[in-house]
Each structure stands twice: as structure tokens, then as C-alpha cells.
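# Coordinate inspection notes
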Amino acid sequence: QRLVTARELRLGATHPETGSARQNLESVQRQLAGAPTALPVTRDVVESALLRVAPGPLRPYSTYDFGRARDESASSVLVPDDDFYAYWQQAKKVVPAGWQAFIGTSRWLGHEKHDGKAELVICRGGSQFDCLRTARIEPANHGLSTEDVVRVMEDYHRRFGVRIVQAETDTLGFLLLKQPADVEAFVDELIDFCMDLEDIGRDAVREAVTSPSRYVSLWWD
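The following refers to the structure shown. (Residues numbered from 1 in each chain as written. Predicted model: local features only at pLDDT ≥ 70, side-chain atom pairs only at ≥ 80, totals over all residues. Heavy atoms only, no water.)

### Things to note about the side chain of arginine 7
Along the chain, arginine 7 falls in helix H1 (residues 2-11). Buried charge without a salt bridge: arginine 7, with glutamate 17 as the nearest opposite-charge side chain at an N-O distance of 4.4 Å. Ignoring sequence-local partners within four residues, the contact set of arginine 7 consists of Gly12, Glu17, Thr18 and Ala21. (Helix = DSSP H or I, 4+ residues; strand = E, 2+ residues; numbered from the N terminus. Buried < 20%, exposed > 50% of the residue type's maximum accessible area, 1.4 Å probe, protein only. Lys, Arg positive; Asp, Glu negative; His and termini not counted. Salt bridge = Lys/Arg side-chain N within 4 Å of Asp/Glu carboxyl O. Contact = heavy atoms within 4.5 Å.)

Below you can see the structure in the form of C-alpha cells.
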């Protein structure tokens, strides 16, 4: 998995060597899945891995709708909101195939009040885009559904490679694995997708896309 990630970052998601590394990873995962001594990837196993990254207390659910509703098919722990990226990085290293990790609720408008904290969530999912579904991301004020956001992010992934880091009702954070060849055109795409980016200005959006980390944060009012 580390080799796949390294090649995606260095060569791009569609490069033949990246594809070869991904095929090797899938082959190993299939062998492990069929091995009689392989550890079954149950929810308990994944929760234990999560607690090695961020000591509990473990929450047998994640939240959505700004913390007002629960999804009991997922699990979560609370981490410092100002350092959530480091916790997400560690979680990605320990979460096995068939599970996803992402940062969820950070704005608490329900009964739970956790100012300065964000959820580190694990959920079942065949792809990282299932994180968006678990988070119920839905910029409804802009006429976008969860699946609309999924389709846009899948398109970005095909073109540049992305890694979903954060997803909640009105917020999406992701890494671009490859810088677009036409940065200005992509900045236009992002602003069309999330018009609130106009508030921070094109220069700030361009800086995010071209920065060493290429971390893009979207927020719909």
C-alpha cells in the first residue's frame, strides 16, 4: 500500500508503474483473504486498530447532520480539530481493505458538544467515496446531493487522483495527488463546484492547488 501511494504521488494515478503496483497489492489482498490463517477483518479488529491511532473512548457510531444524527454502522473517536490530518494519516496506515477512514463532524450543533474536537471515523466501504455517503455530505442549499458530490470527486480522481480526508454535511477536504496541467481551468472548476470559494479569492484557491501538499478544502454555506 505504501508503494502504491508513493507511486501515485510521484508518477500519478494513471501511470503504468502505479497500475502495476496496484495490481500487485490487489493480488496480495486476494491471497490473504483466501488464506486459512488470515485474520478476519471484523469491526472489532478495525476498532482496535483505530484505538491504537487515537486512544478512545471509542464511540460505536459516527455522527452526521452537524452531530445531530448517528450512524451506528460506523465507529469513531474524537481527536483535536487542529491536528486531525496527522490522525487521519495514521489511521489510513492501519485500516484494512474493505474499510475507510476519514475525518467527520467538527461542527457540533446537536446535543453533543465537542468544541475543538473532530471525529476520526472508520466505516465499511469498497472505495474512499463511501466516506462521503457515510458523512451524508449534502450541500442542499446549492442544489447538490451526496451523489452529485461523489460524481464530481470520482471525476477528479480519474483525472488527477484524490484522497478524501474530511467529509461532513457542508465540508469536504481532499488531497490532489497530481497537479492539473491547466491550473487556472481547474480553479474555475472548483469555484463552479463550490461558489463559496469566491469569498477567499482565486489566489487562495490557486495556492491550495499548487502547494506542496495540494490540500483542497471546500465549504458550502
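On we go.
### Here's the deal with the packing of aromatic side chains
Any two aromatic rings considered together are summarised by their centre-to-centre distance and by the angle between their planes. Counted by the stated rule, this structure contains seven aromatic pairs. Consider the rings of tyrosine 156 and phenylalanine 174, whose centres lie 6.2 Å apart with planes at 35 degrees: the pair is tilted. Taken together, the residues span a long stretch of sequence, with tyrosine 156 in helix H6 (residues 146-159) and phenylalanine 174 in strand E7 (residues 171-176) at a distance of 18 residues. Accessibility assignment for this pair places tyrosine 156 and phenylalanine 174 in one class, buried. A centroid spacing of 5.0 Å and a plane angle of 70 degrees characterise the contact between phenylalanine 160 and phenylalanine 186, whose relative ring orientation is edge-to-face. Residue phenylalanine 160 is located in the loop between H6 and strand E6 (162-168), and its partner phenylalanine 186 is located in helix H7 (residues 183-193); the two are separated by 26 residues in the primary sequence. There is no split in this pair, since phenylalanine 160 and phenylalanine 186 are both buried. In this arrangement the basic side chain of arginine 70 is found over the ring face of tyrosine 61, its NZ or CZ atom lying 3.8 Å from the centre. (Phe/Tyr/Trp six-rings, centres within 6.5 Å; stacked < 30°, edge-to-face > 60°. Lys NZ or Arg CZ within 6 Å of the ring centre and 35° of its normal.)

### Some thoughts on the layout of surface pockets
Volume-wise, the largest pocket comes out at about 1700 Å³. Around the largest pocket, the lining comprises 45 residues; the ones closest to its centre are Gln1, Leu25, Gln29, Lys92 and Val95. Secondary structure elements with two or more residues in the lining of the largest pocket: H1, helix H2 (16-34), helix H3 (43-53), helix H4 (84-94), strand E4 (99-103) and E7. Here the element with the most residues in the lining of the largest pocket is H2; it accounts for seven residues. Its residues assigned to classes, the lining of the largest pocket shows 25 nonpolar, 12 polar and eight charged. (1 Å grid on protein atoms, 1.4 Å probe; cavity = no way out; pocket = protein on both sides within 12 Å on 5 of 7 lines; lining within 4 Å. Points joined across faces, edges and corners; volume = space filled by probe spheres on them. Nonpolar A, V, L, I, M, F, W, Y, C, P; charged D, E, K, R; others polar.)

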